Structure formats: structure tokens, C-alpha cells
Amino acid sequence: MHPTRISPYDDAGVTSRWALATGDEAGREDTDMAQRTGGALRGSLLIPLVAIPLLVAGCTGATNTSSGPYTYGSNASDVKPTDVSTIDKTLAATKKPDSPVKLAVVLKSLTNEYWQEVERGMKAAAAYYGVDVNVQAASSESSESQQLNIAQTMVTQDYNAYLVSPESTSNLTPAINQMKSKGVPVVNVEDARVEATTFVGPESLIEGGSAGDFLAEHLPKGAKVAQIEGAAGSNAATLRTQGFKDSIKAKGSLQLIASVPGDWDASKAYDAATTLLQQNPDLAAFYANNDTMALGVVKAVADAGRSGRVLVVGTDGVPSAIKAIEGGTLAATTTPQPFSQGFWSVQAALALLQHQTLPPFIATPAKVISKENVTSSYGTDGLQTELPAR
């Protein structure tokens, strides 16, 4: 497929020859330690696909019965991730439905750039396939009750499928049970893994590991590095932190001199980095568990007069971080490509409605974006410039 250029300048954020209409960094990082059981696997594993037959052909109206043709076991402890690249042909085979399709989306919050990109990808897919998508989100990442109220309101309406990004593994349970009783697909998008038909999201351990691999490739042997961790108790922080440490140990060429908390906060990351730079004049690099903190570290490095001599790597791939890479202040970010993730999530919902068989855990890639490849995937505005396979 030839990539379709997209633009941030129309109302919905996307324009193309198909007339496509279409950043509180506690961010996308959930605090439940059990949310990504399968995330601790370092590689992309192929597993037998779960057959999910339909009772009717095509994308027809939602079935409001107490039981339906779908399964909801994507959060089972024995579920292993399947890399999205291994099922791209399945997703690309998704057809534009012949009859109207309505998708309900409940995201964590739209105050964070990451989730804004997920939403943009969803709207791009909805426009491409000619379906209606209604995106709602809580006012903040800590508004669990508000998110539940939003979900329960949407579940009373006639939607063909639901896409949810819960703030925890339990806050949307009543609404998800109602969705399941309607007998329609439930796609779990990112973070907290819940009872859904399929989960679409990253493996955080690999995100951290990829950051360590990048630094090992770009620094001399024996170079000193430090890590700024996300919030204590956050599953994403725990896995990214461990992935980075595992990479440093496996490569054996770098010295990890400190791993300190930054709590997903740019100011706290700035303060932590400033202290470490003062204590370690030969410090060569930082890895911050997300881009918000990474940009705080970038400022600390600049204020210490060490720009260009200390590398900084983040995780997420939000537009402000992409622009920092283009500007040369951020060395790299490891990203599951939130725009693509949103697009894949809508594709997954439609594929399920069209008899397609999908794995219960679709793992989005930990792609490393640096100055070497940033212009091939992103525009100067920091937005992804092409649609996924379709």
C-alpha cells in the first residue's frame, strides 16, 4: 500500500485523497501492577489465533442479547502478545462496511498528547472506513468514577462495538459487563487490561529495553547513564524501568549509576536530572520513562550547559517529543505509535464485525524514533505522516 499523507490542518486532523476527516501525564501509565500480564515478554511472540465467529455476516446492527458470539478473555494470565506486524494482512483486509456502523470509544483523558494522538488515529480510521466513531474521555486520568459514568451512558445507546481505555483494571467493570451482555465486540485499547475481545497496546518492558539498546549503540564503552522512573506502583513504570536495566546488563557496555523517581512529572524529572548532573560531571545519558519527563531532563541538560554532550531518550512518541528530536535536543523516543494504535484499534473492531479472527493481545511495536528516521514518519509539526496498512 502507498502511504497516505495526512495533515493537522483540517477540523478532524486528517486530510487525504479519500477526503479523510479525521497532552496530566500520569499520562497513559496505569497504576495497577497486574494490568499487562503478558507485557513482560521481551519478544514479539506468535500464538494461535482465537477464533471469534459471528452469527451474522458483515457489519450489521449491534445485538442486544444477554449472550453473543464473542469471547472476552483478552486479559487472561496465559494470553501472550502477538506483534501487530504479523497480522497486518488481516487488518488490511478489513472492508468498508455496506451498512452504517457506530463505534463507541471511552479513553482515559484527552489532556495528554498521547491520548490526543490515539483519538486522531481512531478518527482517521473511522473516516477512511466510513463509520461513525464517538470518542468520550474523563477530564483527568484520576477521574475513575467520571469515566465509568461516561461508559455506562454510552452502553445504553446503540453501538456495534466498544473501544475502552480504562483508568484501572476495575473502574469500568460494571460498564464492561453491560457491553458483554449486549453480545458485541469490546476492544481494550492500551494500559489496564480488562475482560475484552482483544487488547491493542504496547509491551512496556520492550519500550524500556529499546531505550537501553539505543544508548548502548550510541555511547562509548563504560559510559555512565541514569534513569528517571515513572510513578511508583505504575505497571508501565515498573516494566520500562526493568526493561532498561535488563538491556544495560545484557549489553554490558554501559554503567547505570542511578535510577530515581520522576513520577511522570516534568518538573520532578528536571530536579532529579539537575542533581545527577551536578553529582556526575561525566554523566553521558538519561533514559526517562516517558516523554514528559524526558523533556524536563532536556531542559536540565541545557541549563547545565551540557546540550549535545548528554543524550536523552524518552518513551511515548508524543508530538512535542518528536519536534524535540527534529530540533536536536532529544536523542530518541521509543514509541508504540499512538496514532497508528488508534487506527489499528478501529480496524480491529471492524475486523471482528466482519468475521475476521484476531489474537486476544495485539502488541504495538516499540519503534525507536531518532534523527536518523524521524522525517520519514513525522512532519515538522510532530504528527505522524502516514496511515498504517489498509
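Residue positions are given per chain, counting from 1 as you read along its sequence in written order. Residue-level local features of this predicted model are given only where pLDDT is at least 70; pairs of side-chain atoms are given and counted only at 80 or more, and the full residue set underlies all totals for whole chains, interfaces and linings. Heavy atoms from the whole structure form the basis of all side-chain values; hydrogens and water molecules are not counted.

K.L.:
Is there a simple way to think about the pairing of strand β8 (residues 255–261) in this case?
P.N.:
In regular strands, side chains alternate between the two faces of the sheet. Alignment of strand β7 (residues 224–229) against β8, held across 6 bridges, turns out to be parallel. Paired with Ile228 across the bridge in β8 is Val260. Between any two strands, pairing holds if DSSP finds at least two bridges. Each helix corresponds to a stretch of at least 4 residues labelled H or I by DSSP, and each strand to a stretch of at least 2 residues labelled E; elements are numbered beginning at the N terminus.

K.L.:
Whenever I open this one, the layout of surface pockets confuses me. Can you help?
P.N.:
In this approach the atoms are scanned with a rolling probe the size of a water molecule, which exposes any empty space left behind. Buried and open spaces are told apart on a 1 Å grid over the protein atoms alone, a cavity being a set of points where a 1.4 Å probe fits but cannot get out and a pocket being an open set with protein on both sides within 12 Å along at least five of seven lines. Residues with an atom within 4 Å of a point are the lining residues. Grid points are joined across faces, edges and corners, and a volume is the space filled by probe spheres set on the points. Space inside the largest pocket adds up to approximately 340 Å³. The wall of the largest pocket is formed by 17 residues, among which Leu311, Gly328, Thr329, Leu330 and Ala331 lie closest to the centre. At the level of elements, α5 (204–218), α8 (291–303) and β10 (311–315) are the ones that each hand at least two residues to the lining of the largest pocket. Residue polarity is assigned by list, with Asp, Glu, Lys and Arg as charged and Ala, Val, Leu, Ile, Met, Phe, Trp, Tyr, Cys and Pro as nonpolar; anything else, Gly included, falls into the polar class. Of the residues belonging to the lining of the largest pocket, the class tally is 9 nonpolar, 6 polar and 2 charged. Roughly 260 Å³ of volume is contained in the second largest pocket. For the second largest pocket, the lining is made up of 16 residues, of which Gln337, Ser340, Trp344, Pro388 and Ala389 are closest to its centre. Broken down by secondary-structure element, the contributors of at least two residues to the lining of the second largest pocket are α1 (88–92), α10 (338–353) and α11 (374–377). Ranked by residue count, the leading element in the lining of the second largest pocket is α10, at 3 residues. Of the residues in the lining of the second largest pocket, the class split is 6 nonpolar, 7 polar and 3 charged.

K.L.:
What should I look at first to understand the sheet that holds strand β13 (residues 367–370) in this one?
P.N.:
Adjacent strands of a sheet pair through backbone hydrogen bonds, lying either parallel or antiparallel. Strand order in this open sheet of 6 strands is β8-β7-β9-β10-β11-β13, and the pairing throughout is mixed. If you trace the sheet from one side to the other, it starts and ends with β8 and β13, each paired once. Going from strand to strand, the sheet's axes swing by 20° on average, the running direction of each strand aside. Its contacts with the sheet put helix α6 (residues 235–251) on β7, β8, β9 (283–288) and β10, and the angle it makes with β7 is roughly 165°. Note on definitions: angles span 0 to 180 degrees between N-to-C directions of axes, and those axes are lines fitted to C-alpha atoms, for helices only across the stretch in contact. In what follows, a contact means two residues having at least one pair of non-hydrogen atoms within 4.5 Å.

K.L.:
I would appreciate a short explanation of the packing of helix α3 (residues 144–155) against helix α4 (residues 173–181) in the present structure.
P.N.:
Geometrically, a packed helix pair is captured by the angle between its two axes and the distance between the axes. As a packed pair, α3 and α4 sit with axes 8 Å apart at the nearest point and diverge in direction by 15°. Relative to α4, α3 is oriented roughly parallel. Our pair here, α3 against α4, has a crossing hand that is left-handed. Residues Leu148, Ala151, Gln152 and Val155 of α3 pack against Pro174, Ala175, Gln178 and Met179 of α4. Residue composition of the contact of α3 with α4, grouped by class: 6 nonpolar, 2 polar and no charged. With respect to orientation, any angle under 35 degrees is reported as roughly parallel, any angle over 145 as roughly antiparallel, any angle of 65 to 115 as roughly perpendicular, and every other angle as oblique. Crossings are assigned a handedness: left-handed for a near helix turned anticlockwise from the far helix by less than a right angle, right-handed for a clockwise turn.

K.L.:
Would you take a moment to explain α5 for this structure?
P.N.:
Because an α-helix packs 3.6 residues into every turn, residues spaced three or four apart end up facing the same way. Expected span, for any helix, means 1.5 Å times one less than how many residues it has. Taking 1.5 Å per residue, 15 residues should reach 21 Å; α5 reaches 22 Å between its end C-alpha atoms and fits that length. Here α5 lies mainly inside the structure; 12 of its 15 residues are buried. Relative accessibility under 20% of the residue-type maximum defines a buried residue, over 50% an exposed one, and the middle range a partly exposed one, all with a 1.4 Å probe and only protein chains included. Within α5, burial applies to Ser204, Leu205, Ile206, Glu207, Gly208, Gly209, Ser210, Ala211, Gly212, Phe214, Leu215 and Ala216.

K.L.:
Which parts of the structure should I look at to understand the nonpolar core?
P.N.:
Side chains of a nonpolar character, in soluble globular proteins, are inclined to be buried together. Within the largest apolar cluster, 88 residues are counted, with the highest numbers of intra-cluster contacts made by Leu163, Met179, Ile228 and Phe286. The biggest single contributor to this core is α10, with 10 residues. The residues contacting Phe286, other than those within four sequence positions of it, are Leu215, Ala226, Ile228, Ala273, Leu276, Leu277, Val297, Val301, Val310, Leu311, Val312 and Val313. We define the nonpolar core as a collection of buried residues of types Ala, Val, Leu, Ile, Met, Phe, Trp, Tyr and Cys that are connected through side-chain atoms lying within 4.5 Å of one another. By size, the runner-up hydrophobic cluster in this structure holds 16 residues, among which are Phe214, Leu219, Leu254 and Ala284.

K.L.:
What should I look at first to understand the pattern of salt bridges in this one?
P.N.:
Opposite charge on two side chains allows them to pair when their charged atoms are near. Note on definitions: salt bridges are taken to be side-chain nitrogens of Lys or Arg within 4 Å of carboxyl oxygens of Asp or Glu. Under the counting rule described, the total for this entry stands at 8 salt bridges. As a salt-bridge pair, Lys224 and Asp282 come within 3.0 Å of each other at their nearest N and O atoms. One end of the pair, Lys224, is in strand β7; the other, Asp282, is in the loop between α7 (266–279) and β9, with 58 residues separating them in the sequence. Assessed through its relative accessible area of 44%, Asp282 is described here as partly exposed. Of the charged contacts in the structure, one is a salt bridge between Asp303 and Lys299, with a shortest N-O distance of 2.9 Å. Taken as a pair, Asp303 and Lys299 lie in helix α8 at a separation of 4 residues, close to a single helical turn. Residue classification places Lys299 among the partly exposed positions, given a relative accessible area of 47%. Three or more residues are tied together by salt bridges with common partners; here these are Glu207, Arg240 and Asp316.

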